[in-house]
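Take a look at the letters that make up each chain.
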Number of protein chains: 2
Amino acid sequence: MLSYWNDYPTIQNKLQIVCSLIEKQMRVRNKDIQETLIDFSQAGGKFLRPAFFLLFASLGDPEKQDEEQLIKIAASLEILHMATLIHDDIIDDSPLRRGTQTVQSRYGKDIAVYTGDLLFTEFFKLTIEAMNGSKFLAINARSMHRLLLGELDQMHTRYNKNETFRDYLRSVNGKTAELFWLACAQGAHFGHTAPHVQRVAGRIGRNIGIAFQVYDDILDYTADEETLKKPILEDLAQGVYTLPLLLAKAEQPDIFFPYLEKEDKITPQESQEVADLVVKYNGVEMAKDIARRYTQKALADIATLPEGEAKEMLQLLTTQLLLRSY
Amino acid sequence: MLSYWNDYPTIQNKLQIVCSLIEKQMRVRNKDIQETLIDFSQAGGKFLRPAFFLLFASLGDPEKQDEEQLIKIAASLEILHMATLIHDDIIDDSPLRRGTQTVQSRYGKDIAVYTGDLLFTEFFKLTIEAMNGSKFLAINARSMHRLLLGELDQMHTRYNKNETFRDYLRSVNGKTAELFWLACAQGAHFGHTAPHVQRVAGRIGRNIGIAFQVYDDILDYTADEETLKKPILEDLAQGVYTLPLLLAKAEQPDIFFPYLEKEDKITPQESQEVADLVVKYNGVEMAKDIARRYTQKALADIATLPEGEAKEMLQLLTTQLLLRSY
């Protein structure tokens, strides 16, 4: 869904090149899998991580930049993201992702396991091609590691009635914010930006990542199924308790505990009741406050970046993205 | 199962250090998963890939070697192997591996997916720590890629009645021989061995790997369940047709086709009949001939290596391993 970038031709053109490179990496003997991967890479992803990476890189000195290297790193970020999505969909048994069938619902869990593995390998290959010898290679490995620990944390706290904001934040820090952190931090690094930019880039990425995930979790409670293009409230039934619920529950534990005690026996009707109660007890509003706080932190840091198109786009993008309705 | 190495104290000591490093890499917050991983790393693996790596390295100049680097690479090979085993067991729905419960039968597919992913990441982290800047980093990524393509190939040819020796060899080359190739080739490289050793090491590894897999597939037809500690004939029911069957089928297609046409509807009784027919029509004997041929090729190359303990161990190990009954 690079049409998302229609108003930003500079970045859209670069993302088009990133997209072609990803497509080239997806060549495998099994044509079904190849097609699935290509479809998936084109089906509705906004390429946010590559975009943040490229925007931060463009704050630096173009003379010192290696365009091919930047494209490879941008592609590697999206590929790592795709790999985790495919494996997440196995865990969640999701039938849909980005409005189309998930790999595992189309070909079964087995193919989905190996397809995700293959993408992890492509990530590994591309980062090595792009930056062998750089200290950022170990940083990429560490990020991938934290991403997976974030997923494991989230599984570990499933159906945990006593889950706190702190637990939630730790998981979000790993499973979402880490990759935004990486995109921005290595964008600043490989774009050869000024020391100040390199200092704040990662922090901006992390704050955007947290706000992004909080808004994503809010959508489960506010969007209707058609707009969101994925089954709503699925997290709840699977014991993944996200911020709006955690905040409402902290206020009214006695109201929510009986529902949560049903664990996976909760009915769709009861899930809907919980959703309504979360809204009623201000869970959504409180979560929005928190997302806004992280967005403001990010915007305050963005304000200190050097003037220019990239900075303006980062401001617009951050504001827009975090107030999105889809 | 480092007791396998009781007669070889030099290598056993080194493998013990490798084993401790692997254990150290398995520290995660979720204690269940940590224990599973540690149990799994200690439960019956012979550490063959680290052993071949270390043996080839020890053919080189000790003055030039970095002991810590060698241990890390040895550990990374076993970790990559473990990762593929855990994901294989998901695909195969195997209840047992090395005589103990598999990760997915103990904790479910979901945990098994992430646990395997975590090990892929540890592989990535360790290789980068051990060899950032080396051309072997890209070679490791390529091997991991081929490993996965080998797995995908094998899935792709499931229930393919027309599968040939050639298809089989391609899959084996990826899923098994590639890692033996890598172990030997980078052992020679990081051990700073003579140019001749570096030239033949990879070829020795590949031939051993192929022979190893062929013997493994023969065992499905000859070993009883108790000796082998894994359910026999499972490959057959899952449409994975290995060498003994392929060779017997090439001789007597009319006898085998009706069975294979049943695909996953084949009964345990019929599977046993197929197994008996494979033996009757010399499938096992012909497969053994092929394994022997690859073993001889490996031994001929090993004969050209510099004299010493490492060479003798390689000879003994290759002969023993490929004539193993368990």
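Criteria and cut-off values
- Residues numbered from 1 in each chain as written.
- Chains lettered and ligands numbered in written order.
- Predicted model: local features only at pLDDT ≥ 70, side-chain atom pairs only at ≥ 80, totals over all residues.
- Heavy atoms only, no water.
- Helix = DSSP H or I, 4+ residues; strand = E, 2+ residues; numbered from the N terminus.
- Rg over C-alpha atoms; globule rule 2.2 N^0.38 Å.
- Buried < 20%, exposed > 50% of the residue type's maximum accessible area, 1.4 Å probe, protein only.
- Contact = heavy atoms within 4.5 Å.
- Areas by Shrake-Rupley, 256 points an atom, 1.4 Å probe, with all protein chains shown as cover.
- Core = buried A, V, L, I, M, F, W, Y, C linked by side-chain atoms within 4.5 Å.
- Salt bridge = Lys/Arg side-chain N within 4 Å of Asp/Glu carboxyl O.
- Buried area = accessible area lost by both parts, 1.4 Å probe.
- Polar contact = N/O pair within 3.5 Å; in protein donor to acceptor, adjacent residues only side chain to side chain.
- pLDDT = per-residue confidence, 0-100.
- Expected span 1.5 Å × (residues − 1).

## Focus on the overall build of chain A
And then number 1: Looking only at helices and strands, chain A features 16 helices and two strands.
And then number 2: Computed over its C-alpha atoms, the radius of gyration of chain A comes to 20 Å, within 12% of the 20 Å expected for a compact globule of 326 residues.
And then number 3: Judged by the C-alpha coordinates and their principal axes, chain A covers about 60 × 50 × 35 Å.
And then number 4: Evaluated residue by residue, chain A yields a buried proportion of 60% over its 326 residues.
And then number 5: When contacts within chain A are restricted to residue pairs at least 6 apart in sequence, long-range pairs at least 24 apart make up 74% of them.
And then number 6: A total of about 13000 Å² of accessible surface is found on chain A, and carbon and sulfur atoms cover 49% of it.

## Observations regarding the nonpolar core
And then number 1: With 174 residues, the main nonpolar core has A:W5 and B:W5 as its most contacted residues.
And then number 2: Contact partners of A:W5, with chain neighbours within four places excluded, come to A:I11, A:Q12, A:L15, A:K46, A:F47, A:L48, A:A51 and A:L317.

## Notes on the pattern of salt bridges
Residue and element names in this part refer to chain A.
And then number 1: Evaluated as defined, the whole model comprises 20 salt bridges over all chains.
And then number 2: When the shortest N-O distance is used, the salt bridge between E178 and R206 registers 3.0 Å. One end of the pair, E178, is in helix α8 (residues 165-190); the other, R206, is in helix α9 (residues 195-222), with 28 residues separating them in the sequence.
And then number 3: Here R206 falls in the partly exposed class, since its relative accessible area comes to 21%.

## Some details on the interface of chain B and chain A
And then number 1: Taken residue by residue, the interface counts 41 residues in chain B and 40 residues in chain A.
And then number 2: Buried area between chain B and chain A, both sides added, is near 3900 Å², and the carbon and sulfur share of it is 71%.
And then number 3: For the pair chain B and chain A, the interface holds 12 residue pairs in polar contact (both at pLDDT 80 or more).
And then number 4: The set of elements that each furnish at least two residues to the side of chain B that touches chain A consists of α4 (67-92), α6 (109-131) and α7 (136-156) of chain B.
And then number 5: No other element matches α6(B), which puts 15 residues into the side of chain B that touches chain A.

## Structural notes on the confidence of the model for chain A
And then number 1: Scored by pLDDT, chain A has a mean of 88; 94% of the residues are at 70 or more.
And then number 2: Taken element by element, the predicted model of chain A shows its lowest mean pLDDT in helix α10 (residues 225-228) of chain A (53) and its highest in helix α3 (residues 48-57) of chain A (97).

## Considering helix α6 (residues 109-131) of chain A
Residue and element names in this part refer to chain A.
And then number 1: In this model, α6 (23 residues) spans 33 Å end to end at C-alpha, consistent with the 33 Å of a helix rising 1.5 Å per residue.
And then number 2: Counting buried positions over the 23 residues of α6 gives 20, a clear majority of the element.
And then number 3: Of the residues trailing α6, G133 is marked for its positive phi of about 100°.

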